[in-house]
Structure formats: C-alpha cells, structure tokens
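Overview (structure and organization)
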Amino acid sequence: MGRMDLRQGSHGIGLRRLGTTAEEFQQDLLSSLYYRRGTTVESASPRDAYEALSLSVRDRLADRRARTAAAHYASNPRWVYYLSAEYLLGAQLEQNLLYSGTGELAAQAVKALGRSLEELEDLDIEPGLGNGGLGRLAACLVDSMATRDIPAVGYGIRYDFGIFRQSLENGAQAERPDDWAFQGNPWEFPAPDDRQTVHFYGHTEPVAGSEIRKRWVPGEIVLGEPSHMLVPGFGTETVNIVRLWRARGSEASFDLSRFSAGQYAEAVQEAVRAENISKVLYPDDSTELGRELRLKQQYFLCSCSLRDIIRRFRLRNENWDDFAEKTVIQLNDTHPTIAIPELMRLLVDEYEVEWDRAWAITRKTFAYTCHTLLPEALETWPVHLFERLLPRHLEIIYLINMLFLREVEQQFPGDTDRLRRMSIIGEGDERRVRMAHLAVVGTEAVNGVAELHSKLLRETVLQDFAALWPAKFQNVTNGVSPRRFIKLANPRLSDLITEGLGDDGWLNDLERLAGLEELAGDASFAERWRAVKRANKVDLGAGDPDSLTDVMIKRFHEYKRQQLKLLHVVTMYHRIRANPGGDWIPRTVLFAGKAAPAYHAAKNIIQLINAVGATIAADPVVAPYLKVVFAENYNVTLAEQIVPAADLSEQISLAGKEASGTGNMKLALNGAITVGTLDGANIEIRARVGEENFFLFGLDAFQAAEVQIAGYRPREHYDRDAELKAAVDAIAAGTFGGVGREVADSLLGWDEYLTLADFRSYLDAQEEVERAWRDPERWTRMSILNAAHSGFFSSDRTVADYAARIWRVAPVTVPREP
Ligand code: KOT
C-alpha cells in the first residue's frame, strides 16, 4: 500500500501530528486534562491526572492503530480470531508507556502536574476478566500476535464485575465484588455502531421448500454492545484490538406502561435480565458449574463475535468459499464451542448455504485448544437446558452428531461401544451435550498446551478421536510475554540482561537469553545478579531479604497441592522446635492465590495456611527461621511484584493434572529455581534448564495412574513416616485451628491427588534445595542458567507455533509513519 498519511484524510483536513518532545507531550497532557477531563492543573485530582495521562498515551497508540487497520484492510489477509471467555490483561498504563515508547516523555510531563509516574501507575485499573492461567494465556497470546504482526482480534466479554477481590478475615478467604471500571476505563473505546442482536429461548419453525433450514423464533432478544482495548505489539507498528461485548436490554425491554403505573421494578426487569448476562465472571477455575446463565454468556459471546467476524469478512469478500481461507477462529477451551453450531446456523438458516458446504467451511474455520485433563472440568450441558435456551442449536448439534457417527461407523463398523463413547450426546441419568466432543468434531486442529498434556489428551480423554483423526492432534506449549513478566515486572534484571547481552533485542527474541550462559561463570556478573534478586526482595517486603524466598502463587486447588507445601512447612516447624540451635536456613514461604468461593476444601487449605503462619509467627524459637506470608488478592499486578523476588518456584501438582502451568515459566525466566514434579510444562523447563538446575521429586504421571489403579492407601505412608505422621497429627489435632481436622481427614481418606505418596520425596528435594542454597555461587549459577535456557517459553514462540502449524497465517507489516 502507498504511504498514505491517514491524518491527512481524503478531505485535505490535516490532523496535528503528535509531538515527540517533552514539551509537546506536556502540552498534550494539559490539553487532555483541560478538554477531556474538564479540569485544570490547579484543581486536578490524582485520578484526573491518571486519566489525562492515560488518554495522552492512548493517543500515541491510536495513530498506529489507524495505520494497522488501513494496512489490514488493504491486504485483505487471513485473520486470526481468538475467542475466549476470559482475559487477564493486567494493568495497562505501564505497558502502554513501554509499547508506545513514551515512558521518558510521560515521566517528565507528569512532573509539571506535580505528580510522579509511580503515583499515577498505582491508580491504574486492572481488568480482572479471568480466573487464572487460561485468561492470562489469552492476554499473552494477543500481546504476541501483535508483536508478530499477525492480523488478529481477541473477542471476549466485558464483565461488569471481574474476578472477586480476596481478603483474609481471621485467616479465612472473604470475597468482595470487583467493580473494576467503577471510575471509568480510559483504555476502552466504545463502538456502539457495531452492536449486535442476540436471541435466546423460543422455538423453531420449518421453512417452506427446505428440509434442513429452520426459522428460529426467539423468546428473548438481547443487545451486545462492543468496546475495544488496544493491543500494541512490541518493537513493531501493529496495534490489534481485544473486542469485549457487554449485554444490554433492547429499547423494547423497558416497559413504559408499567413504569407509568408505578411498577418501577417490573418496568425494568427484562432489561435487568438482559444485562445480567455480562454482569459477572464465573469465579471458578477448572470446574464446571453448569448454570444456565453461564451457557447464556457463552452463546452471547459467540453470537456477537461471529456476526462481527462475518461483517468484517464481507467488507472485502463475497464468496463463502473464501471464508475459511480468510478466517481462523481459535477456541480457548470449550467455553466458546457453541460458535460451531452458531456458524452452521448462520450459514444454513440465514445465508442459505447448503449444509455440506457450510459444514466443510465450518470445520476448516475452527481450531480448539484444550487446557485441562480434569474430568470435572470437561464441560457438558443437559440436553433439556439446551433445548429450552438454544432450540435451533440443539437441532443442529443432533444433525452434526448423526453425520459424525455415520463417519465413525464407516471406519469402525459394528463398534457400538465406540459410537457411544464418541457421541456428542452423552447418555446417562440425564442426556448431556459434550462440548469437548463437539469441539473436536467441528474443528480442523486440536491442541494441548504442553507436551505431556497433549500426549495424555491423545492417549486418554480424546483417545478415540485421536484414533480416528491422528493428524488433527497437536501440541503447542504455552508461553508468557517477556515484556510484561521480565521487562515491566523486573526492570533491574532487564537492565542487567541488556547490559550482559549488549542490547535489548532479547525482548522480542527471547532465545537470545542463552547468551547469559557464558556469564554464569563470571563472578562479578553473578554478584550483580544476586544483588538484583536481593533488591527485588527488599521491594516486595515479604520477609528478610536474605532468607530463601519460597513462593507458591497460583489458584488454590487440591490438584495443585498447596497442602503438600503446608505439610513441609509444618515439618520444618517441628524440626526447628525440636532443635532450636540447629543450623537452619531462614525461609520465607509466600503463598498467594484465590479459591473458588464455593470450593470448600480449597478454602480450608487457605485458612490452615494462615493458622500455621500465625502459630509460627508467635513462636519465638521458630520465627527467626521460618515465616509464612499469605499475600491477599493475587492478580496480575501482584504476580509482577512477587515473581522477580522469588528464589524457589513451587510447581508441585500431582503429575498428570496440571495441563501446563505458566507461572512456572514466569518464575524460571526471573531466575527462580523450580522444585517440581514431572507435570505440565515443568518437564520441558527441566529439559531445557538442565536436570542439575531443577529440583525434581515425586511420582510421574504413569506411576500416579498405577497407584490409583492399584488403590491408593494414604495410611501406609502415614504409618511408615514419623515426620509425616507428626505433621498430619498436629494438623488433625487442631494445633493450628479447627479446619485442620477436615484437611487431615481428606489427606488420609479420599485424597485423589496422592499428597502423602509424594511427601517424603518432596522433603528430600527440599533438602537438596537447602544444600544448593548454602553455596551461593552454585545457587546463583543455577538461577542464571534457569533464565538463560527459558527463552523457549516466550509467548512469541507459542504464537509462532500456532501461526505455522495451526493458523497458517503470515504477518502483515504495518508501514511506519510517512
Ligand atoms: C477451566 C475450565 C474448564 C477447562 C479448563 C479450565 C482452565 C484451565 N482454566 N485455567 N486453566 C489453565 O490454563 C493454563 C493455560 O493453558 C494452563 O497453564 C494451566 O495448567 C490450566 O490449569
């Protein structure tokens, strides 16, 4: 495309170019304050200053956004559409300062307002529109897609309330709503013109002259109103967007006659019902709730997004046969899987495309990423619910299933057991739609998120599908954004790395960290590396900066085994008490993470951790050596503070349960050493950093499965191991508080996650940790080598893998300013 100046427009009306000097930035900031916030320097609140600054920074990305849109339009490329019910984007200001290269200018300009950048960054919003790993992965992937110049849009839901805010009340988790945009969100562009209409309930009617097509007469109509946030690439011109839908009642949902009759609540009840769809994020991670509102959310997201995708397609294309050429839709787990029958419905019923052709297009368009192996996290929906809420989709699913089972029957004649296992409809007490089956059947590619996970998917939960379509199954190992999780989170380490490597090219070519290997033996570099870690610990302020900072930060779930860490803490406590004069290594054990509000066992573990922590803090013999800290309200911002300060990274899930993990990657990249099982991406981390730089313990996935098949007998471990027995007994006796009994009962009873089976091996690994820690040169070398060999875990590499093997998309270069 030509070097058109978009500011010039076609009417010759020139837009003022944004300046590049501190004075010009200051002018822009003042004008944002004056004209957009409607206030003055004299009366501006800190909030006004924050908003004005954010708008000025945003303006500097708007240019790039306009050029990106023009370049994409001109090249009519193949697009990636990422559909995700969750995005954990993290705070925006610091990232956008970095990505727009305006950090320096902004710092000088805010001084003129009598403010500091840090103070304004503290006011920044964090849209907590996700639960954990899956939502943060979506954010890292959109970052890397922009960085790799891939034309992409992320679609999601603009929940009014994000993930709840956690606090501790007497050591127990308490939840408060997260009204994240209560004071506005300067990063968001509303786009009401692109609103969509979404239907629910009702019934279907035949269409004259067609066997297949149906007319859906809805019982409820809801509007989806989009807004978007900018997603700039790093070191490139591309600025993509994440488009988030918010539900609104239509005009007809306000009942004026009731209002006039004084029935105020009734007058708005329909609108309230509509708006509830995007009211709140479901706060559970890795379990399925099966509530009607959740399915409504899913369909709302898919219906709005697909119509938007089709609208965009039709701007430049006419022929449906080109749709799958120009479009790939990546499903972030099964939450958006209803998009598959929805595309079929749109093509067949609304655009009158013939079924077989529509099905060929649909199958070629979608790809599915699975993020779990936990059976309880595999979504299924009761058929009767579907029938009521989405009657037409159920008919389409039945038809898809019938044709699919016919395909299976041809491959495996007479194998009725196989048909039953593979059917999209599960027959049990209650017939249910199996969303993972629908996702596999309706897509071109299916991937797991780490090598082990993808292998277990092929060999266990999706075995029959892998036998039918072996080529469909792939692995794409997760990754994390090095900009957010090294550069922004750990500026000291970033500076040291840049100095060590000679330039900052590693920020979007992370394998270059390998160049640190030769510095690992350089005593002065190692000394500085240690000093960075120490300074980060001082900043965090969780405990003595010279103590071993041992961190376990992730959602609370029994499979992740925070309870195993707790048994270790209790054992250390017992050991120190038994031998107060021992040569103990001071440790700060830092936990952070949320438990689903309805997940009783996980909340008990949180409470017990705090009770143990309080006991230790009150014990003058133990307190000098051991401190337990629980950091409240774990979110992306808090992760950015904790990760740089970590010495030891706890990745201790039962092997075969954690699909990948991404915290493990963030911590290794920041020089924490992992103590972990052979689970998820731990295996790949260990393979890269070297087994001598990783503290391995525990059963592998195969052994764990064997134990489960043979019958796990926790009592055997308890009876055999005096220290384990002492720890469990102390917990059970209520030494640390009442919930101990329940936790101990679970450990000794029905614990699916084999905690006691891995206890001794875990303690042995912790002894190896302490041996290494006593030798600071050795520890620092291990730390540097962890960072040096974790370059693979950049989400830029993840995106390159998706682009090459699943999406088959090419980058589109956005021209620089003319
Ligand atoms: C939630 C509900 C249903 C199915 C899956 C989930 C899920 C999985 N939520 N978060 N995850 C995590 O996703 C991360 C990114 O792939 C993984 O690293 C992590 O192991 C998953 O637990």
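Named according to an unreviewed UniProt entry, the protein is Alpha-1,4 glucan phosphorylase originating from Actinoplanes cyaneus. In UniProt, the protein has this text filed under Cofactor (unreviewed entry): "pyridoxal 5'-phosphate".

Let's shift gears to the overall build of the protein. Secondary structure assignment for the protein yields 33 helices and 25 strands. Its C-alpha atoms give the protein a radius of gyration of 27 Å, within 12% of the compact-globule value 28 Å for 818 residues. Based on the C-alpha atoms only, the size of the protein along its principal axes is roughly 85 × 75 × 60 Å. Put simply, the protein has 818 residues, and 50% of those count as buried.

Moving on: the environment of asparagine 332. Following the sequence through the fold, asparagine 332 ends up in strand β13 (residues 327–332). According to the C-beta neighbour criterion, asparagine 332 is buried, with 25 such atoms within 10 Å. Note: C-alpha distance between asparagine 332 and cysteine 370 (38 residues apart in sequence) is 7.2 Å.

Glycine aside, a negative phi is what most residues show, and trans is what most peptide bonds show. In the Ramachandran plot, asparagine 170 falls in the positive-phi region, its phi being about 50° despite a non-glycine side chain. In this structure, asparagine 170 sits in the loop between β5 (165–169) and β6 (172–176). Phi is positive for leucine 754, which is not a glycine, with a value near 50°. If you trace the backbone, leucine 754 turns up in the loop between α30 (740–748) and α31 (759–773). You can call leucine 754 buried: it has 22 C-beta atoms within 10 Å.

With that settled, the discussion passes to the domain arrangement of the protein. Interface size is often expressed as the accessible area that is lost when the parts come together. With domains assigned, the protein is organised as domain 1 (1–75 + 92–125), domain 2 (76–91 + 126–476) and domain 3 (540–793). A C-alpha centroid distance of 44 Å is found between domain 1 and domain 3.

With parallel pairing, six strands are arranged side by side in an open sheet as β22-β21-β20-β23-β24-β25. Each edge of the sheet is formed by a strand with only one pairing partner; in this case those strands are β22 (626–631) and β25 (695–696). Pairing analysis gives six bridges linking strand β21 (residues 587–592) to β22, with the strands arranged parallel. Across the sheet, residue phenylalanine 591 finds its bridge partner in β22, namely phenylalanine 630. Against the sheet, helix α22 (residues 562–578) engages β20 (548–553), β21, β22 and β23 (648–651), with an angle of about 150° to β22.

The subject of this paragraph is the pairing of strand β18 (residues 445–448). Because side chains alternate across β18, one face comprises the buried residues Ala445 and Asn447, and the other comprises Val446 and Gly448, equally buried. As paired elements, strand β14 (residues 366–369) and β18 share three bridges and run parallel to each other. Following the sheet pairing, tyrosine 368 is matched in β18 by valine 446. One ladder, built from three bridges, connects β18 with strand β19 (residues 473–475); its direction is parallel. If you follow glycine 448 over to β19, its bridge partner there is asparagine 475.

Let us now look at the site of the ligand. By nearness alone, 18 residues border the ligand, and Gly133, Leu134, His371, Ala659 and Ser660 come closest of all. For the shell around the ligand, a count of residues per class yields five nonpolar, ten polar and three charged. Both of domain 2 (76–91 + 126–476) and domain 3 (540–793) provide at least three residues apiece to the shell around the ligand.

This paragraph deals with the nonpolar core. Core analysis: the biggest nonpolar cluster contains 212 residues, and Val80, Val142, Leu608, Val612 and Ile642 have the highest contact counts within it. If you count residues domain by domain, this core takes at least three from each of domain 2 (76–91 + 126–476) and domain 3 (540–793). Among all residues touching valine 142, those that are not within four sequence positions of it are Tyr82, Ala152, Gly154, Val231, Asn240 and Val242. Counting residues in each nonpolar core, the second largest holds 18 residues, with Ala44, Leu55, Leu105 and Val110 among its members.

A word on the environment of leucine 385. By the element assignment, leucine 385 lies in helix α13 (residues 383–389). Leucine 385 gets classed as partly exposed once you count the C-beta atoms within 10 Å, which come to 17. Along the chain, leucine 385 and arginine 432 lie 47 residues apart, while their C-alpha atoms are 9.1 Å from each other. If we ignore the near neighbours within four places in the chain, the residues touching leucine 385 are Glu292 and Leu295.

Before going further, it helps to examine the UniProt feature "modified residue: N6-(pyridoxal phosphate)lysine" (unreviewed entry) in the protein. Taking the UniProt record as the reference, the feature "modified residue: N6-(pyridoxal phosphate)lysine" (unreviewed entry) is found at Lys666. As for its position among the elements, lysine 666 is in helix α25 (residues 663–669). Residues in contact with lysine 666, not counting those within four places in the same chain, are Val480, Phe485, Ala639 and Val643.

What follows concerns the sheet that holds strand β17 (residues 432–434). Read across the sheet, three strands follow the order β15-β17-β16 without closing on themselves; strand pairing throughout is antiparallel. In this open sheet, the two edge strands, each paired with only one partner strand, are β15 (380–382) and β16 (425–426). Alignment of β16 against β17, held across two bridges, turns out to be antiparallel. Bridging from a neighbouring strand, isoleucine 425 pairs with valine 433 of β17.

In this structure, strand β7 (residues 188–190) lies alongside strand β11 (residues 220–232), joined through three bridges in antiparallel fashion. The partner of phenylalanine 189 across the bridge, within β11, is histidine 228. Two strands pair when backbone bridges link them, and strand β8 (residues 196–200) and β11 are joined in this way by five bridges, in the antiparallel orientation. Its bridge partner lying in β11, phenylalanine 200 is registered against glutamate 220. Bridge count for β11 against strand β12 (residues 239–249) is eleven bridges, and the pairing is antiparallel. Note on β12: the bridge partner recorded for leucine 223 is arginine 248. Taking the residues between adjacent antiparallel strands as the criterion, β11 and β12 are bridged by six residues, where glycine 235 takes a positive phi near 75°.

As a further point, take helix α4 (residues 103–112). Residues of α4 that are buried: Leu105, Ala106, Ala109 and Val110. Looking down the long axis of α4, one finds its buried residues gathered within 120° of arc, a one-sided arrangement. Looking at the buried positions of α4, the neighbouring elements they touch are α1 (22–36), α2 (46–75), α3 (93–100) and α5 (117–121). Looking at the residues trailing α4, positive phi occurs at glycine 114, about 75°.

Following both chains from N to C, one finds α22 and helix α29 (residues 722–732) inclined at 100°, their axes separated by 9 Å at the closest point. Put simply, α22 runs roughly perpendicular to α29. From α22, Leu567, Val570, Thr571 and His574 reach across to α29, where they touch Glu723, Ala726, Ala727, Ala730 and Ile731. Here the residues of the contact of α22 with α29 are counted per class, giving six nonpolar, two polar and one charged.

Let us look at the packing of α29 against α30. Where α29 contacts α30, the two axes come as close as 7 Å, and the packing angle between them is 140°. Our classification of the angle between α29 and α30 gives oblique. On the side of α29, the interface is formed by Val728, Ile731 and Ala732, while α30 contributes Gly740, Arg741, Val743, Ala744, Leu747 and Leu748. Looking at the contact of α29 with α30 residue by residue, the classes come out as seven nonpolar, one polar and one charged.

What follows deals with the confidence of the model for the protein. The predicted model of the protein averages 96 in pLDDT, with 98% of residues at 70 or higher. Overall fold confidence for the complex sits at a pTM of 0.98, while the interface term, ipTM, reaches 0.99.

Definitions and cut-offs
- Residues numbered from 1 in each chain as written.
- Predicted model: local features only at pLDDT ≥ 70, side-chain atom pairs only at ≥ 80, totals over all residues.
- UniProt positions renumbered as here; feature names shortened; annotations may be inferred.
- Helix = DSSP H or I, 4+ residues; strand = E, 2+ residues; numbered from the N terminus.
- Rg over C-alpha atoms; globule rule 2.2 N^0.38 Å.
- Buried ≥ 20, exposed ≤ 12 C-beta atoms within 10 Å, placed from the backbone.
- Domains from an automatic or database assignment.
- Pairing = 2+ DSSP bridges.
- Contact = placed C-beta atoms within 7 Å.
- Axes fitted to C-alpha atoms, helices over the stretch in contact; angles between N-to-C directions.
- Near = placed C-beta within 6 Å.
- Nonpolar A, V, L, I, M, F, W, Y, C, P; charged D, E, K, R; others polar.
- Core = buried A, V, L, I, M, F, W, Y, C linked by C-beta atoms within 7 Å.
- Arc of directions from axis to C-beta.
- Parallel < 35°, antiparallel > 145°, perpendicular 65-115°, else oblique.
- pLDDT = per-residue confidence, 0-100.

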